[in-house]
Amino acid sequence: PWAGVASADELAHWGAVADAVAASLRPGALKRDRVGAPGDALEQLRELAGLVIPAEHGGAGAHWETAFAVIRTVSRADASLGQILGYHYLNQACVAFYGEPERRERWYRASTEQRLLWSDAFNPVSPDLSFTADGDGYVLNGVKRFATGAAVTDVVISGAIAEGGRYDGELVVFALDARRAGVEHPDDWDHLGQRASASGSIRFTGVRIADADVIGV
């Protein structure tokens, strides 16, 4: 859904919004880094959460050029929050990359209306997750060792090869509430800078995944 380049008006408008967000983040950046968590500052990112969601789905309909500029501005104030925001845009965009049209509309509408922040559990270095058919859904198990923002954002997007059921043998991409039953955030990352990025592992134990959670195959 993205094409062309940003207009001067678009860049100026969102540049001003990003400047205001950055100004609110800057004073507490050192403290958040020492604590190792974004805390309430994460709420400031919601002002920018719907930036690249297409306008027909309720978002701002901005270009990636604008998103990159916004991430740079936020990162100058707090690199950890800039990292979370960058991952948010990428993972939110997976709705367009993997999603079927009707699912895309539903996910983007929910994201804009609730100003959801996205993260992921896709780290290819970790072992694959187990995704096993159970009734009319699936059960998810396993650990991903690097999941930026997952412990503090609203939605985690992930994928696994289905064993049995309607998607047997296919790579299914799905999204779920970061605090759903069976989802744990061990806070076990050995930090090297950007400590407030919430980049620890994520563990799934018997997590139920329904068809409504599926973005695409």
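Our structure is the block above this text.
Residues numbered from 1 in each chain as written. Predicted model: local features only at pLDDT ≥ 70, side-chain atom pairs only at ≥ 80, totals over all residues. Heavy atoms only, no water.

Q: Residue-level account of helix H6 (residues 101-114), with values.
A: The end-to-end C-alpha distance of H6 is 20 Å, a good match for the 20 Å that 14 residues give at a rise of 1.5 Å each. Within H6 the residues assigned to the buried category are Arg 103, Trp 107, Tyr 108, Ser 111 and Thr 112. What you see down the axis of H6 is that its buried residues fit within an arc of 150°, all on one side. Exposed positions of H6 whose direction lies more than 90 degrees from the buried face are Glu 102, Glu 113 and Gln 114. In this fold, the buried residues of H6 make contact with helix H5 (79-98), strand E1 (118-121), strand E5 (171-177) and strand E8 (214-216). A positive backbone phi angle near 50° is found at Arg 115, which sits one or two residues after H6. (Helix = DSSP H or I, 4+ residues; strand = E, 2+ residues; numbered from the N terminus. Expected span 1.5 Å × (residues − 1). Buried < 20%, exposed > 50% of the residue type's maximum accessible area, 1.4 Å probe, protein only. Arc of directions from axis to C-beta. Contact = heavy atoms within 4.5 Å.)

Q: Lay out the side chain of Asn 123 with the relevant residues and their values.
A: Among the structural elements, Asn 123 can be located in the loop between E1 and strand E2 (130-134). Note on Asn 123: relative accessible area 15%, which makes it buried. At a separation of 3.1 Å, a polar atom in the side chain of Asn 123 contacts the main-chain amide nitrogen of Val 125. (Polar contact = N/O pair within 3.5 Å; in protein donor to acceptor, adjacent residues only side chain to side chain.)

Q: Can you tell me about the packing of helix H1 (residues 8-25) against helix H4 (residues 64-77), naming the residues and giving the values?
A: At a closest axis distance of 9 Å, the pairing of H1 and H4 adopts a crossing angle of 20°. Comparing their axes, H4 and H1 come out roughly parallel. H1 and H4 meet at a crossing whose hand is right-handed. For the pair H1 and H4, the contacting residues are Glu 10, Leu 11, Trp 14, Ala 18, Asp 19, Val 21, Ala 22 and Leu 25 in the first and Glu 65, Thr 66, Val 70, Thr 73, Val 74 and Ala 77 in the second. (Axes fitted to C-alpha atoms, helices over the stretch in contact; angles between N-to-C directions. Parallel < 35°, antiparallel > 145°, perpendicular 65-115°, else oblique. Left-handed = near helix turned anticlockwise from the far one by under 90°.)

Q: Kindly report on the packing of H5 against H6, identifying the contributing residues and their values.
A: At a closest axis distance of 9 Å, the pairing of H5 and H6 adopts a crossing angle of 160°. Classified by the interaxial angle, the pair formed by H5 and H6 is roughly antiparallel. Both H5 and H6 take part in a crossing whose hand is left-handed. Between H5 and H6, the residues in contact are Gln 92, Ala 93, Val 95 and Ala 96 and Arg 104, Trp 107, Tyr 108 and Ser 111, respectively. By residue class, the composition of the contact of H5 with H6 is five nonpolar, two polar and one charged. (Nonpolar A, V, L, I, M, F, W, Y, C, P; charged D, E, K, R; others polar.)

Q: Describe H5, naming the residues involved and giving the relevant values.
A: Between its first and last C-alpha atoms H5 spans 29 Å; for 20 residues at 1.5 Å apiece the expected length is 28 Å, and the two agree. The N-terminus of H5 is capped by Asp 78, whose side-chain oxygen sits 3.0 Å from the backbone nitrogen of Ser 80.

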